[in-house]
Amino acid sequence: MNKEMEKLLETPIINKIDDYTPQELEQFRCDNYNNTIGTLNENDGIECDICKNKGLIGIVRFDEFYGVYEFNTKTCKCFRKRQLVHIARKNGFDELIKLRAKDYKRNYDWQKNNYAKMYKYCCEEKESNKWFVAVGQVGSGKTMIASICANNILYNTNREIFYINWLVFINKIKRDLANDNISEVNDSLDHLKNVDVLFLDDVLKKYVETDLKYIYEIINYRYTNNLKTIITSEYSIDELLNIDQATFSRMVQRANGYIIDETKDKSKNIRLSELNID
């Protein structure tokens, strides 16, 4: 609490109105609120010096209709970023959104190579529209390393990034189609096509032929409009090109220099090696 507020509270009640204008009284309330420390950072990891982790900022405005000054609040500029964290968690990225570069293990040469590529991307490309692609061997840490790239953008830039798993997306599309909800289908597609940065995880997982038109629409639009995209898939680059060369050659071109294509090798499945399964 600031000294002016302490002085106000210690002043006999009969003098409060006489000594301070209505505007000053509301400003004291506002200042006291703005000096209060919030705890939103404990949940989403976002630190904001402006609102002190409350997500709201106190303001004093003059209500012309009533002719009085009143204390109110407005959302802080960090609020949208906090919403993006909430959406990412809702889409199944609760644990992944906590990952940082230090969390990636580098026990083998192939992991060190992947780390070097990821680290360079995080340092040099977070503000660019360069794509990042991690594909290949199941369990080799593709989603982890792509999440670190995405988290670096979320927490260290002002860019809007959307995290979505392919199966979550395509299953929603199919439910909406089954319910003849075409507007929802179009809205879902438009969002993935137009968001500033898109992290699309596990592309073509359990796909059927009719799914290909959706991935083409997303990738082609983002390719044409030069929109930053991060992609993972269990398929190798060669396998993806064999599935749909028109779609995935665009991806390869945009991510050139930042592609991790992990060769299929069960020994690279960290989930299994940690269980000591031969």
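You'll find the structure just up there.
We now turn to the structure provided with this report. (Residues numbered from 1 in each chain as written. Predicted model: local features only at pLDDT ≥ 70, side-chain atom pairs only at ≥ 80, totals over all residues. Heavy atoms only, no water.)

With that settled, the discussion passes to the sheet that holds strand β4 (residues 161-165). Strand order across the open sheet formed by five strands is β4-β5-β6-β3-β7, with parallel pairing between neighbours. Each end of this open sheet is capped by a strand with a single partner; those strands are β4 and β7 (259-262). Along the sheet, successive strands turn relative to each other by an average axial angle of 5°, direction set aside. Strands in contact with helix α8 (residues 166-178) are β4 and β5 (197-201); relative to β4, the strand with the most contacts, it is inclined by about 80°. (Pairing = 2+ DSSP bridges. Helix = DSSP H or I, 4+ residues; strand = E, 2+ residues; numbered from the N terminus. Axes fitted to C-alpha atoms, helices over the stretch in contact; angles between N-to-C directions. Contact = heavy atoms within 4.5 Å.)

Next up on the list: the side chain of Asp 201. For Asp 201, the location among the structural elements is in strand β5. Buried charge without a partner: Asp 201 forms no salt bridge, and the closest opposite charge is Lys 142, 7.6 Å away. A distance of 2.7 Å separates a polar atom in the side chain of Asp 201 from a polar atom in the side chain of Thr 143. Beyond its immediate stretch of four places on either side in the chain, Asp 201 contacts Phe 93, Thr 143, Ile 164, Asn 165, Trp 166 and Thr 232. (Buried < 20%, exposed > 50% of the residue type's maximum accessible area, 1.4 Å probe, protein only. Lys, Arg positive; Asp, Glu negative; His and termini not counted. Salt bridge = Lys/Arg side-chain N within 4 Å of Asp/Glu carboxyl O. Polar contact = N/O pair within 3.5 Å; in protein donor to acceptor, adjacent residues only side chain to side chain.)

This brings us to a nonpolar patch on the surface. On the surface, Phe 65, Tyr 66 and Val 68 cluster together into a nonpolar patch covering about 400 Å² of accessible area. Checked against the element boundaries, Phe 65 lands in the loop between β1 (56-63) and β2 (68-75). Given a relative accessible area of 71%, Phe 65 falls into the exposed group. (Patch = residues over 30% accessible without salt bridge, like charges linked within 9 Å, V, L, I, M, F, W, Y side chains within 5 Å. Areas by Shrake-Rupley, 256 points an atom, 1.4 Å probe, with all protein chains shown as cover.)

What follows is about the nonpolar core. Generally speaking, a soluble globular protein has its nonpolar side chains buried in company with each other. Core analysis: the largest hydrophobic core is formed by 32 residues, its most contacted members being Met 118, Phe 132, Leu 154, Tyr 163 and Ile 230. For this core, the secondary-structure elements that each account for two or more residues are α5 (79-93), α6 (109-124), β3 (132-136), α7 (142-156), β4 and β5. At eight residues, α7 tops the list of elements feeding residues into this core. Setting aside anything within four residues of it in sequence, one finds Ile 230 in contact with Tyr 121, Phe 132, Ala 146, Cys 149, Ala 150, Ile 153, Leu 198, Phe 199 and Leu 200. Val 195, Ile 219, Tyr 223 and Ala 255 belong to the second largest nonpolar core, which has 30 residues in total. (Core = buried A, V, L, I, M, F, W, Y, C linked by side-chain atoms within 4.5 Å.)

Per the counting criterion, the structure on display carries 16 salt bridges. In this structure, Asp 176 engages Lys 172 in a salt bridge whose closest nitrogen and oxygen atoms are separated by 2.8 Å. Remark: Lys 172 and Asp 176 occur in helix α8; sequence separation between them is four residues, near one turn of the helix.

Its identity is not glycine, yet Asn 53 carries a phi of approximately 65°, on the positive side. In the Ramachandran plot, Asp 180 falls in the positive-phi region, its phi being about 55° despite a non-glycine side chain. Note on placement: Asp 180 falls in the loop between α8 and α9 (182-194).

This part covers the packing of α6 against α7. Their axes nearest at 10 Å, the elements α6 and α7 cross at an angle of 15°. Compared by their axis directions, α6 and α7 come out roughly parallel. Taken as a pair, α6 and α7 cross one another with a handedness that is right-handed. Between α6, through Asn 114, Tyr 115, Met 118, Tyr 121 and Cys 122, and α7, the contact on the second element is made entirely by Ile 145, Ile 148, Cys 149 and Asn 152. Taken together, the residues of the contact of α6 with α7 break down into seven nonpolar, two polar and no charged. (Parallel < 35°, antiparallel > 145°, perpendicular 65-115°, else oblique. Left-handed = near helix turned anticlockwise from the far one by under 90°. Nonpolar A, V, L, I, M, F, W, Y, C, P; charged D, E, K, R; others polar.)

This part covers α9. Given 3.6 residues to a turn, an α-helix orients residues that are three or four positions apart in the same direction. Relative to the 18 Å expected for 13 residues at 1.5 Å per residue, α9 spans 18 Å between its end C-alpha atoms, a close match to the ideal helical length. Three or more residues of α9 are buried, namely Val 185, Ser 188, Leu 189, Leu 192 and Lys 193. Here the buried residues of α9 occupy an arc of 130° about the axis, which is enough to place them on one side. (Expected span 1.5 Å × (residues − 1). Arc of directions from axis to C-beta.)

Enumeration over the complete set of coordinates arrives at 12 aromatic pairs. The interplanar angle of 65° and the centroid separation of 5.4 Å between the aromatic rings of Phe 93 and Tyr 163 together place this pair among those described as edge-to-face. Taken together, the positions of Phe 93 in helix α5 and Tyr 163 in strand β4 put the pair 70 residues apart, joining distant regions of the chain. Each member of the pair, Phe 93 as well as Tyr 163, carries the same accessibility label: buried. Relative to Phe 132, the ring of Tyr 121 lies with its centre 5.0 Å away and its plane at 55°, an arrangement referred to as tilted. You can see Tyr 121 sitting in helix α6 and its partner Phe 132 sitting in strand β3, a full 11 residues away along the chain. When sorted by exposure, Tyr 121 lands in the same class as Phe 132, which is buried. (Phe/Tyr/Trp six-rings, centres within 6.5 Å; stacked < 30°, edge-to-face > 60°.)

By themselves, these are just geometric observations and shouldn't be taken as functional.
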